Amino acid sequence: GFCLNRSFILEMNFTLCSLNVHRCQDGCLTPILLHQPDIICLQEISSGCDAFASIADQLYQKTRAKWHYSGISVDYGLGNAVFVNANVFDLVEKWDMILKESEPSRREQQTVGGYSGGWGSWEETRGAAGMRIVSKFEPQHEFVVCATHLDHQKEVTRIRQLQVLFSKITPQEQAVIVAGDFNSLRQADYTNAQWKEIARTREAASWEEPRTEVTELCTSSALQDALFAVHQCNQPSSTTSQVQGEAPDCTTEPKRQKLKNNDTVGNPAKHSTLCDEKITKGRFPLLHGPLGTSRFDTRVDYCWISEEMLALYQPTSISHCTVNLTDHNMVVVGFKLVGAAETG
């Protein structure tokens with residue numbers, strides 16, 4: 001176990017892990033803690049407010065550190081929570097919210113109807129949980145960290161959910177980190193051939209066409225994608241300009257999890273280029289792991305950082321790590337205090 005992230009002591013660094021645990025939160029804690037995180041953002045936590053206290057207790061048992069937490073329980077095991085190491089950060093406030101403009105009645109939630117393009121009456125409820133924290137160490141920077149999980153079917157729904165969230169956290173005005181499963185794509189992640197492949201796959205499965213409005217809303221709201229920010233902050237100018245245009249996927253092909261019916265999750269056709277290590281490494285040389293974070297080898301899990309936050313802490317590393325108990329890869333981002341001295 002550990003009580004304090006050693007890197008934080010040496011350089012005022014901290015590490016954030018974000019993972020859609022697919023209702024397997026208990027079994028996922030061990031692989032998460034291998035990265036010695038100071039902040040943990042979880043999505044798809046099993047229903048029940050007791051789940052959050054149970055996770056915090058397990059974290060204490062495994063790390064011998066107390067963890068602040070904020071969580072929201074919604075239907076279908078789609079809860080979200082943030083856990084913060086109390087040895088590293090003090091809690092200023094915590095909050096949670098349903099990502100709807102108004103709370104639907106139970107009858108409306110149970111009604112099955114056609115999708116109207118807005119808040120369809122049959123849509124799953126989604127939420128967000130967050131907290132405002134302040135570093136225990138000088139300089140005592142204060143910022144907001146939030147976990148969320150947006151709708152999996154319609155981009156128009158995801159946009160409105162995100163707008164509700166942004167009305168709470170106002171990323172244009174304060175230091176903010178928003179991490180989670182956004183169920184949306186960035187076209188800059190892919191080559192033209194890969195994007196066409198994604199479109200063909202979705203059309204064949206009668207899914208919504210690949211959409212990017214959610215990630216565009218994030219970037220237009222003064223948020224930067226950690227994957228791009230890592231390369232911009234740490235790469236030579238020649239490589240940085242390449243990454244700003246299109247983002248790569250990287251390293252080894254992800255492991256394929258097995259469902260109970262023995263169907264392979266996310267096993268692409270042999271001609272698929274989404275898992276091409278050379279393409280990924282060439283475009284995102286600082287990414288550890290595959291570009292894709294979902295079972296379809298597309299990136300839908302993000303860590304978004306506001307400009308105000310980047311003035312305090314810069315992301316220095318990013319990894320997408322396979323966790324066999326869930327169908328998502330974990331996003332691990334290392335942050336360093338701006339102006340912190342380098343150590344040998």
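The coordinates are above.
Residues numbered from 1 in each chain as written. Predicted model: local features only at pLDDT ≥ 70, side-chain atom pairs only at ≥ 80, totals over all residues. Heavy atoms only, no water.

Caption draft 1: The arrangement of the sheet that holds strand 3 (residues 67–72) in detail. In space, the seven strands of this open sheet follow the order 3-4-2-1-13-12-10, with mixed pairing throughout. Every interior strand has two partners, whereas the edge strands, strand 3 and strand 10 (287–288), have only one. (Pairing = 2+ DSSP bridges. Helix = DSSP H or I, 4+ residues; strand = E, 2+ residues; numbered from the N terminus.)

Caption draft 2: Looking closely at the environment of Gln 163. Note on placement: Gln 163 falls in helix 5 (residues 155–169). C-alpha of Gln 163 to C-alpha of Val 214: the two residues are 51 residues apart in sequence and 9.6 Å apart in space.

Caption draft 3: Layout of the packing of helix 2 (residues 25–33) against helix 3 (residues 50–63). Packing of helix 2 against helix 3 brings their axes to within 11 Å, and their N-to-C directions diverge by 35°. Relative to helix 3, helix 2 is oriented so that their crossing is right-handed. Taking contact as the criterion, the partners of Gln 25, Asp 26, Leu 29, Thr 30 and Leu 33 in helix 2 are, on helix 3, Ala 51, Ile 55, Gln 58, Leu 59, Lys 62 and Thr 63. (Axes fitted to C-alpha atoms, helices over the stretch in contact; angles between N-to-C directions. Left-handed = near helix turned anticlockwise from the far one by under 90°. Contact = heavy atoms within 4.5 Å.)

Caption draft 4: Representation of the nonpolar core in the model. With 43 residues, the main nonpolar core has Ile 39, Phe 143 and Val 145 as its most contacted residues. With near-sequence residues (within four places) excluded, Val 145 lies in contact with Leu 16, Ile 39, Cys 41, Val 82, Val 84, Ala 129, Gly 130, Met 131, Ile 133 and Ile 177. (Core = buried A, V, L, I, M, F, W, Y, C linked by side-chain atoms within 4.5 Å. Buried < 20%, exposed > 50% of the residue type's maximum accessible area, 1.4 Å probe, protein only.)

Caption draft 5: Unusual backbone geometry, seen in detail. Residue Pro 139 follows Glu 138 across a cis peptide bond; omega there is -5°. Tracing the backbone shows Pro 139 in the loop between strand 6 (127–135) and strand 7 (142–149). One non-glycine residue, Arg 64, lies in the positive phi region at around 60°. Looking at where Arg 64 falls in the secondary structure, it is placed in the loop between helix 3 and strand 3. On the basis of relative accessible area, Arg 64 is assigned to the partly exposed category, the value being 45%.

Caption draft 6: Geometry of helix 6 (residues 192–204). When the terminal C-alpha atoms of helix 6 are compared, their 18 Å separation across 13 residues agrees well with the 18 Å that a helix rising 1.5 Å per residue should span. Of all the positions in helix 6, only Gln 194, Trp 195, Glu 197, Ile 198 and Arg 202 are classed as buried. Along the axis of helix 6, the buried positions cluster into a sector of 160°, meaning they face one direction only. Turned more than 90 degrees away from the buried face of helix 6 sit Asn 192, Lys 196, Glu 203 and Ala 204, all of them exposed. Contacts made by the buried residues of helix 6 are with helix 10 (277–283). Of the residues one or two after helix 6, Ser 206 is the one with positive phi, at around 60°. (Expected span 1.5 Å × (residues − 1). Arc of directions from axis to C-beta.)

Caption draft 7: Just the packing of aromatic side chains, in detail. Applying the stated criterion across every chain, the model contains 13 aromatic pairs. Through pairs of rings, three or more aromatic residues link up here, namely Phe 14, Phe 89, Phe 143, Tyr 313 and Phe 335. One Lys or Arg, Lys 94, reaches over the ring of Tyr 69 and ends 5.0 Å from the middle of that ring. Directly above the aromatic system of Phe 228 lies the positively charged group of Arg 186, at a separation of 4.3 Å from the ring centroid. (Phe/Tyr/Trp six-rings, centres within 6.5 Å; stacked < 30°, edge-to-face > 60°. Lys NZ or Arg CZ within 6 Å of the ring centre and 35° of its normal.)

Caption draft 8: Up close: the pairing of strand 7. In terms of burial, strand 7 is a largely internal element, seven of the eight residues being buried. For strand 6 and strand 7, the ladder comprises seven bridges, and the chain directions are antiparallel. Following the sheet pairing, Ala 128 is matched in strand 7 by Thr 148. The hairpin formed by strand 6 and strand 7 contains six residues between the paired strands. For the crossover that starts at strand 7, traverses helix 5 and ends in the parallel strand 8 (residues 176–181), the hand is right-handed. (Right-handed = clockwise from strand over helix to strand, strands pointing away.)

Caption draft 9: Representation of the environment of Phe 284. For Phe 284, the location among the structural elements is in the loop between helix 10 and strand 10. When its relative accessible area of 0% is taken as the criterion, Phe 284 is described as buried. Note: C-alpha distance between Phe 284 and Val 230 (54 residues apart in sequence) is 9.6 Å.

Caption draft 10: Spatial organisation of the side chain of Glu 155. Locating Glu 155 in the fold gives a position in helix 5. Using a relative accessible area of 0% as the deciding quantity, one classes Glu 155 as buried. In this structure, Glu 155 is in contact with Asn 183, Ser 184, Glu 208, Arg 211, Thr 212, Glu 213 and Val 214, ignoring residues within four places of it in sequence.

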